[in-house]
Amino acid sequence: MEIWINPACSKCRSALTLLDAEGAEYTVRRYLEDVPSTDEIRQVLDRLGLEPWDITRTEEAVAKELGVKEWPRDAGGRDRWIEALSAHPKLIQRPIITAEDGTAVVGRSEEAVRDALSR
């Protein structure tokens, strides 16, 4: 299990606390420092079953500068979104937990973290 975190994020810290309390084995990836490649983002999106716009923090300043809210949310625009997430990792929703069964969840709630633990 791997968890993508921003240490300054309270949701990330809560997820780590729960994982520790449950005795889970996991690897921490500080994705702002160890930036995921476009291929890694594609893989995690496949595991999540989501599209890049589903995990984009559209209220971040850089998102507003880029105008992402106006970008097409379709197959033709998908690569543009993925490239933006890799170029500006602060846009990636967090934490993302990759589960043992090959799936992943956005662990913003206790329920989501527990879901990842049960897989």
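Notes on the structure follow.

Take arginine 57: it is sitting in the loop between helix H2 (38-48) and helix H3 (61-66). We classify arginine 57 as buried; its relative accessible area is 19%. Polar side-chain contacts of arginine 57 include one of 3.3 Å to the side chain of glutamine 93. Excluding residues within four positions of it along the chain, arginine 57 makes contact with Ala63, Lys90, Leu91, Ile92, Gln93, Arg94 and Arg108.

Tracing the sequence through the fold places threonine 98 in strand E3 (residues 96-98). Note on threonine 98: relative accessible area 7%, which makes it buried.

This next bit is on the pattern of salt bridges. This structure, assessed with the given rule, holds 12 salt bridges. Aspartate 79 is paired through a salt bridge with arginine 42; the nearest N and O atoms lie 3.0 Å apart. A residue pair is termed long-range when its members are at least 10 positions apart, and aspartate 79 in helix H4 (residues 78-87) and arginine 42 in helix H2 qualify at 37 residues. Arginine 78 is paired through a salt bridge with glutamate 51; the nearest N and O atoms lie 2.6 Å apart. With arginine 78 in helix H4 and glutamate 51 in the loop between H2 and H3, this residue pair connects regions lying 27 residues apart in the sequence. Relative accessible area serves as the criterion here: at 29%, glutamate 51 is assigned to the partly exposed category. Within the structure, one salt-bridge network assembled from shared partners comprises Glu22, Glu110 and Arg114.

Rules behind the numbers
- Residues numbered from 1 in each chain as written.
- Predicted model: local features only at pLDDT ≥ 70, side-chain atom pairs only at ≥ 80, totals over all residues.
- Heavy atoms only, no water.
- Helix = DSSP H or I, 4+ residues; strand = E, 2+ residues; numbered from the N terminus.
- Buried < 20%, exposed > 50% of the residue type's maximum accessible area, 1.4 Å probe, protein only.
- Polar contact = N/O pair within 3.5 Å; in protein donor to acceptor, adjacent residues only side chain to side chain.
- Contact = heavy atoms within 4.5 Å.
- Salt bridge = Lys/Arg side-chain N within 4 Å of Asp/Glu carboxyl O.

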